[in-house]
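# Results of the structural survey
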Amino acid sequence: MKDVAIVGAGPVGICLARALAGAGMDVALIERARQDQLSTPQPDGREIAVTRASAGLLETLGVWQRIPQQQVYPLASARIFNGASQFSMKVDPHDPDHPLGVMVSNHLIRQAAYDEASRIDGIEWHFSSLKQIDTDAQCARLRLENGEEVTARLAVAADSRFSETRRQMGIAARMRDNGRSMMVCRVHHERAHDQSAWEWFDHGQTLALLPLTSHLSSAVVTLPSRQMAELSSLPSEELSAALTQRYANRLGAMTVDGEAHVYPLVSTYAERFVGTRLALVGDAAVGMHPVTAHGFNFGIHSQYRLARRLIDAYQQGKDIAAPPLLVGYEREHRLATWPLYQATQAIVGLYTDERPHARILRHLGLRAGERLSPARHWLAQQLAQTAPNRAGPTPLPGLPSLPLPPAPFPSLLFSGAPSRQQ
Ligand SMILES: Cc1cc2nc3c(=O)[nH]c(=O)nc-3n(C[C@H](O)[C@H](O)[C@H](O)COP(=O)(O)OP(=O)(O)OC[C@H]3O[C@@H](n4cnc5c(N)ncnc54)[C@H](O)[C@@H]3O)c2cc1C
């Protein structure tokens, strides 16, 4: 019998497997994608804002060091626009020696996580979908589509916001389909940006522009799903022209680089994060709306919160699926995520409301924010997570304690995604 069976080898599932196996536990990792899709993940358009704390956790796992530093892009500042106005609220880093944040492509994180986990003994990889899961007081039994069976002391669902494991275990989730889709793609532009991230709550659409190299950015467009189908089906040249127009030519002509990717905007929050010999992590527990760019960051923290408890119990020879342990994990992760989940829903509501009073409220909010420098400094501090004396993560048992990386990041409002309408 395995110690832990993890369903889903996304970035969160792989990092959890790496943490547990690194501490000597016997782990089964079940993934429906083919092995070659996992070992050489292709770009998926997502540029992730990784918080300083998350980067620290990735570093303790040996993952951060595997991300090519020349493909980590700093955010010098951020600007928030409302409607057609040229006025923007600018947020500069609290500490001028550190950028406000950095962007990293999702496929590079996944590649680094896979490369690190695949060199660790103690992970048994299964490339198949979960077919059925049952748990009782003794163990969890998982049947896979390819006929294999896995038994484990604990099953962990890390299989996305639409988690099949969660559904089969009878755990309900709040789901909010925003009726909007988000398109992400890289664009070259004529004029250089000033390394600012833009979040632009325009009328009828939400746009973001995330700076990469000086004439290259990640464009993020959020639209009602029907309009998105039209936009995303345009041939490359027409799409480039359409984006130049949507971004009001502010950086000159734009040329799409590579493929555009479209994601539905669905937020989820599981009603329970644990059950009998079961725990939920990553998007399976909390699937954030991307506007606050915390989905991945919450996910990495969920695996850390669970791994810390599991490794501790394992090393003491205790039951790793004991109810008090699982309840403690659930309580900690819920407390850490519920306020921002709710705040995100409120932000989405305000910034996607097309009624005149909401537009005025947004405009007044940005003007007030610009005048109140303590407010902007506070915001910058939250974005960069550079509060003085902030402690790094407690090292996982069995893993080295490493300092936080020098420059990172994050994001409250800008980073991967904007959104507007709900
Ligand atoms: C456009 C965009 C921008 C974003 N930007 C940011 C950002 O700036 N900052 C941030 O923190 N977050 C961001 N996010 C969110 C972030 O990408 C997710 O939170 C993160 O990928 C979740 O990781 P995960 O491992 O939990 O789940 P996933 O990445 O969804 O992985 C789940 C895995 O489970 C597998 N799986 C599913 N079902 C089964 C099954 N039945 N059997 C076996 N395997 C299964 C899947 O194949 C997949 O590999 C963004 C998201 C989007 C869409």
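Residues numbered from 1 in each chain as written. Predicted model: local features only at pLDDT ≥ 70, side-chain atom pairs only at ≥ 80, totals over all residues. Heavy atoms only, no water.

### Let's talk about the site of the ligand
Selection criterion: Nearness of a residue to a molecule or strand requires only that one of the residue's heavy atoms be within 4 Å of it. In protein, a polar contact requires one atom able to donate a hydrogen and another able to accept it; more generally it is a pair of N or O atoms within 3.5 Å, and residues adjacent in sequence count only if both atoms are side-chain atoms. The method behind every accessible area is Shrake-Rupley, applied with a 1.4 Å probe, and residues are considered shielded solely by the protein chains displayed. Labels follow the DSSP assignment, with helices taken as runs of H or I lasting at least four residues and strands as runs of E lasting at least two, numbered in each case from the N terminus. Each residue gets one of three labels, nonpolar for Ala, Val, Leu, Ile, Met, Phe, Trp, Tyr, Cys and Pro, charged for Asp, Glu, Lys and Arg, and polar for the others, Gly among them.
For the ligand, the set of nearby residues contains 32 residues, the closest of which are E31, R46, A49, D283 and F296. Interatomic distance of 3.1 Å between a backbone N/O atom of V12 and an oxygen atom of the ligand. Residue R32 places a main-chain N or O atom 3.1 Å away from a nitrogen atom belonging to the ligand. In isolation the ligand exposes 1000 Å². Once the protein is present, 91% of that is buried. Broken down by secondary-structure element, the contributors of at least two residues to the shell around the ligand are helix 1 (11-22), strand 2 (27-31), strand 3 (47-49), strand 12 (173-189) and helix 8 (295-315). Within the shell around the ligand, the residues separate by chemical class into 14 nonpolar, eleven polar and seven charged.

### A few points about the packing of helix 3 (residues 52-60) against helix 8
Applicable threshold: Every axis corresponds to a line fitted to the C-alpha atoms, with the helix fit spanning only the stretch in contact, and the corresponding angles, defined between N-to-C directions, vary from 0 to 180 degrees. Angle categories: roughly parallel below 35 degrees, roughly antiparallel above 145, roughly perpendicular from 65 to 115, and oblique for all the rest. Crossing handedness: left-handed means the near helix sits turned counterclockwise from the far one by under a right angle, and right-handed means the same turn made clockwise. Only heavy atoms enter the contact rule, under which two residues are in contact if any of them lie within 4.5 Å.
Packing of helix 3 against helix 8 brings their axes to within 9 Å, and their N-to-C directions diverge by 45°. With respect to helix 8, the axis of helix 3 lies oblique. By crossing handedness, the relation of helix 3 to helix 8 is classed as left-handed. Each of A53, S54, L57 and L58 in helix 3 lies in contact with helix 8, whose residues at this interface are F296, N297, I300, H301 and Y304. For the contact of helix 3 with helix 8, the per-class residue count stands at six nonpolar, three polar and no charged.

### Considering the packing of aromatic side chains
Under the convention used in this document: Here a Phe, Tyr or Trp ring, Trp counted by its six-membered ring, pairs with any other such ring whose centre lies within 6.5 Å, and the pair is stacked when the planes are under 30 degrees apart, edge-to-face when over 60, and tilted otherwise. Note on geometry: a ring has a charge over it if NZ (lysine) or CZ (arginine) is within 6 Å of the ring centre and within 35 degrees of the ring normal.
Under the definition given, this model contains six aromatic pairs. Measuring from centroid to centroid gives 5.5 Å for Y269 and F273, while their planes differ by 45°, and the two rings are tilted. Ring pairs connect the aromatic residues Y269, F273, W338 and Y341, which therefore count as one cluster. In this structure, R250 is placed above the aromatic ring of W200, and the distance from its NZ or CZ to the ring centre is 4.1 Å. Between the NZ or CZ atom of R334 and the centre of the ring of F273, over which it lies, the distance is 4.4 Å.

### Details of the pairing of strand 5 (residues 77-82)
For clarity, the cut-off: Three labels apply to residues, based on accessible area from a 1.4 Å probe with only protein chains included: buried if under 20% of the type maximum, exposed if over 50%, partly exposed otherwise in between. If DSSP finds at least two bridges between two strands, the strands pair.
Strand 5 sits mainly inside the fold: five of its six residues count as buried. Here six bridges tie strand 5 to strand 13 (residues 196-202), and the two strands are oriented parallel to one another. Of the residues in strand 13, the one forming a bridge with S77 is S196.

### So, helix 4 (residues 106-117)
For the record, the criterion: Between the first and last residue of a helix there are one fewer steps than residues, each counted as 1.5 Å, and that sum is the expected span.
With twelve residues, helix 4 ought to run about 16 Å at 1.5 Å a step, and its terminal C-alpha atoms sit 17 Å apart, in line with that. Burial of helix 4 is extensive: nine of the twelve residues sit out of reach of the surface. Taken together, the buried positions of helix 4 are occupied by N106, H107, L108, I109, A112, A113, Y114, E116 and A117. For helix 4, the elements touching its buried residues are helix 1, helix 2 (35-39), strand 3, strand 7 (101-105), strand 8 (123-127) and helix 8.

### Points about the sheet that holds strand 3
Overall, antiparallel pairing links the three strands, which are arranged 3-7-4 in an open sheet. Two strands lie at the open edges of the sheet, namely strand 3 and strand 4 (72-75), each paired on one side alone. Strand-to-strand twist in this sheet, taken as the mean axis angle between neighbours without regard to direction, amounts to 35°. As paired strands, strand 4 and strand 7 are joined by four bridges and run antiparallel to one another. Paired with Y73 across the bridge in strand 7 is M103. Docked against the sheet, helix 4 engages strand 3 and strand 7, running at close to 70° with respect to strand 7.

Function cannot be read off these values alone, since they describe shape.
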